[in-house]
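Chain by chain, the residues:
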Amino acid sequence: MITGELKGKIDRVWDAFWSGGISNPLEVIEQITYLLFMRRLDEVQTLAESKAKLLGHGVIEDVVFLPDQQQLRWSRLKNTSADDMFATMSEDVFPFLRRLGAQVGGDGSTYSEHMKDARFTIPNAALLTKVVDLVDEIPMADRDTNGDLYEYLLSKIASAGVNGQFRTPRHIISLMVDLMAPTPQDVICDPACGTAGFLVGASEYLREHHPSINTNATHREHFHDGMFHGYDFDKTMLRIGSMNMMMHGVQRPDIAYRDSLSEGAAHDEGRYSLILANPPFAGSLDYEQTSAELLKMVKTKKTELLFLALFLKLLSTGGRAAVIVPDGVLFGSSKAHKDLRKELVEKHSLDAVIKLPSGVFRPYAGVSTAILLFTKTGVGGTKDVWFYDVRADGFSLDDKRNPIAESDLDDVRKRWKSLTTAEPTNTTAEPTDTTAEPVEASERDRARTEQSFLVPKAEIVENGYDLSINRYKEVVYEEVEHRAPLEIIADIEALDAEIAQGLAELKSMLP
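Being a predicted model, the structure only gives us computed values, none of them experimental.

Cut-offs used in this document
- Residues numbered from 1 in each chain as written.
- Predicted model: local features only at pLDDT ≥ 70, side-chain atom pairs only at ≥ 80, totals over all residues.
- Heavy atoms only, no water.
- Helix = DSSP H or I, 4+ residues; strand = E, 2+ residues; numbered from the N terminus.
- Buried < 20%, exposed > 50% of the residue type's maximum accessible area, 1.4 Å probe, protein only.
- Contact = heavy atoms within 4.5 Å.
- Areas by Shrake-Rupley, 256 points an atom, 1.4 Å probe, with all protein chains shown as cover.
- pLDDT = per-residue confidence, 0-100.
- Axes fitted to C-alpha atoms, helices over the stretch in contact; angles between N-to-C directions.
- Parallel < 35°, antiparallel > 145°, perpendicular 65-115°, else oblique.
- Left-handed = near helix turned anticlockwise from the far one by under 90°.
- Nonpolar A, V, L, I, M, F, W, Y, C, P; charged D, E, K, R; others polar.
- Pairing = 2+ DSSP bridges.
- Core = buried A, V, L, I, M, F, W, Y, C linked by side-chain atoms within 4.5 Å.
- Domains from an automatic or database assignment.
- Expected span 1.5 Å × (residues − 1).
- Salt bridge = Lys/Arg side-chain N within 4 Å of Asp/Glu carboxyl O.
- Patch = residues over 30% accessible without salt bridge, like charges linked within 9 Å, V, L, I, M, F, W, Y side chains within 5 Å.

Observations regarding the overall build of the protein chain
Check the secondary structure of the protein chain and you find 21 helices and 11 strands. By residue count, 51% of the 511 residues in the protein chain fall in the buried class. Here the analysis covers contacts within the protein chain between residues at least 6 apart in sequence; of these, 73% occur between residues at least 24 apart. Total accessible area computed for the protein chain in this model is approximately 24100 Å², and 52% of it derives from carbon and sulfur atoms.

Concerning the confidence of the model for the protein chain
In this model, the protein chain carries an average pLDDT of 85, and 89% of its residues clear a pLDDT of 70 or more. Counting interchain partners and residues more than four positions distant, the pLDDT-below-50 stretch residues 159-165 has 10 contacts. This stretch, residues 427-434, has a pLDDT under 50; its non-local contacts, to residues over four places away or in other chains, come to 14 contacts.

Details of the packing of helix α8 (residues 170-180) against helix α9 (residues 197-209)
At their nearest, the axes of α8 and α9 sit 9 Å apart, and the two run at 55° to each other. Taken together, the axes of α8 and α9 lie oblique to each other. In terms of crossing hand, the pair formed by α8 and α9 is right-handed. Mapping the contact onto sequence places R170, I173, M176, V177 and D178 in α8 and G197, F198, G201, A202 and Y205 in α9. Tallied by class, residues from the contact of α8 with α9 come to 6 nonpolar, 2 polar and 2 charged.

Examining the sheet that holds strand β3 (residues 254-257)
Strand order in the open sheet made by the 9 strands is β3-β2-β1-β4-β5-β7-β6-β8-β11, with mixed pairing throughout. Each having just a single partner strand, β3 and β11 (452-456) make up the two edges of the open sheet. Direction aside, the axes of adjacent strands within the sheet are offset by 15° on average. In the sheet, strand β6 (residues 349-355) pairs with strand β8 (residues 384-389) via 4 bridges, with the strands oriented parallel. Across the sheet, the residue bridging to K355 is D389, located in β8.

A short note on the nonpolar core
F17, L35, F96 and L97 are the most contacted members of the largest nonpolar core, which has 51 residues in total. Sorting the residues of this core by element identifies α1 (4-19), α2 (25-55), α3 (74-77), α4 (82-105), α6 (125-136), α7 (143-160) and α12 (235-247) as the ones contributing at least two each. In terms of residues, this core owes the most to one element, α2, which gives 10 residues. Shared between two domains, this core holds at least three residues of each, these being domain 1 (4-145) and domain 2 (164-418 + 443-471). Sequence-distant contacts of F17, defined by excluding residues within four places in its chain, comprise I22, V28, Q31, I32, I122, L127 and V131. Counting 45 residues, the second largest nonpolar core, distinct from the first, contains L175, F223, I255 and V360.

Quick look at helix α15 (residues 303-314)
The end-to-end C-alpha distance of α15, which contains 12 residues, comes to 16 Å, matching closely the 16 Å that a straight helix rising 1.5 Å per residue would cover. Of all 12 residues in α15, 12 are buried, a share of seventy percent or more. All buried positions along α15 are accounted for by T303, E304, L305, L306, F307, L308, A309, L310, F311, L312, K313 and L314.

Here's the deal with the pattern of salt bridges
Under the defined criterion, the tally for this structure stands at 27 salt bridges. Among the ionic pairs, R207 bridges to E204, the shortest N-O distance being 4.0 Å. Note that R207 and E204 are positioned in helix α9 at a spacing of 3 residues, about one turn of the helix. For the salt bridge of K335 with D339, the shortest nitrogen-to-oxygen distance reads 2.7 Å. Taken together, the positions of K335 and D339, both in helix α17 (residues 335-347) and 4 residues apart, correspond to about one turn of that helix. Classification of K335 as exposed rests on a relative accessible area of 63%.

Some thoughts on the pairing of β8
For β8, a buried count of 6 out of 6 residues is recorded, marking the element as mostly surrounded by other parts of the structure. A two-sided burial pattern is seen for β8, the buried positions comprising D384, W386 and Y388 on one face and V385, F387 and D389 on the other. Judged from the 5 bridges that link them, β8 and β11 form a sheet pairing that is antiparallel. Bridged to D384 within β11 is P456.

Some remarks on α2
Residues three or four positions apart in an α-helix share a direction because the helix packs 3.6 residues into each turn. Along its 31 residues, α2 runs 45 Å from first to last C-alpha, staying within 8% of the 45 Å computed at 1.5 Å per residue. Just beyond α2, the residue with positive phi is G56, at close to 80°.

Some words on unusual backbone geometry
Here A181, not a glycine, exhibits a phi torsion of approximately 45°, which is positive. By the element assignment, A181 lies in the loop between α8 and β1 (188-190). Judged by relative accessible area, which is 14%, A181 ranks as buried. You will see that Y465, though not glycine, has its phi angle at about 65°, which is positive. Structurally, Y465 can be placed in the loop between α19 (457-462) and α20 (469-472).

A short note on a nonpolar patch on the surface
Judged by side-chain polarity, I499, L503, L506 and M509 come together as a nonpolar surface patch covering roughly 450 Å² of accessible area. For L506, the location among the structural elements is in helix α21 (residues 485-509).

Quick look at the structure:
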């Protein structure tokens, strides 16, 4: 967790950009990212040089700066004059960054792919020296701090909300990751990754719950090269997403350009064991723009349904998913809506529907959403579906989203853990933890008036595969006795008479 002092330093860097004429939050983050990256490269090479000197063999591992590139190192750049620094950054450093992949990461690596079109847009030497001085003051010795630092930077996107770019709230990502409980063997994908928040969340969960990723050679190799895959068609977000992963200590994530709905799952069908995603669901596509194999599965132009079909294609048999969908997916009456819900329930294992409060994505979207948890089986397996009605997520549900004390999220975690530990919800779900604390009452015993309850598959089928919680929830109305209308009218007439009398007395006092 970064301190208030460090946040203050980052805020000053941010303010310097804004007052210096760069107001697009994504551009600010991009430029700060490059500066942080240059500083980190220099620190990595300094450590390698110290190690070579200590061991006495003089061989520096993974050289970043070649002998004729020493003037590009952060430690030298920061001490040059303003004009020299600006010229070097513009004419040498950024061309160096654009070639960096071929020099360090190897052709085709995530970083080479996203660094090859790096742009230097800081407009003048005065602003550059100011932000270099501020960035130099930020401590970057600790991996956790680096990750938190970058997350804090990314939170500025949510604060700014320009161009519709905003992140899935981190506490919602954390909830979804906790419910899925990734393992060191998982192959994890977010087909609409943005800043890679879900992948970062999964990597942090694994570091906390599975220390073997640091001690077991096979797990460590898989963690750094093969576990994490993110796709997007916004190149700026890809660059930020890959940097976010690097700042969180994942060495070779697969963060790549891909128009997921156009390309479908042609190259990696059945490849992933876990999908975490909050795909864009506001738009629609023409049939010509959409993958033929997805249209074969569900004939629709709606992106939210196409993404659901894509998730099923990408998952391996036994693979799990936690994805956010708009409420319309749960009860939409079109043939595509019904067919896809039927596919989930009948051909796979639908495990849970967690309704989120409608203010979760404010101030940018007020749409009602839910989290779907499901397992791809290809042979069915849905028995009972767990429903949970989240009413508070720890923040006010207005546009300000101020922190509040009330939150149901820990209860969601506790009840899901208890449910999956005591008895797997559906056929393929395995118990994930044997240390779950017992909850107040078994989910199976809970009444439909409670916040969470189980609904048998047969009842969902009877209701046309409707997955909205209101379809199954029971509402108990309290009986209220109202006064007789004539009695209320008599009271009103008495008040009117009193007012008329008062007005008459007031009128008599006037000359």
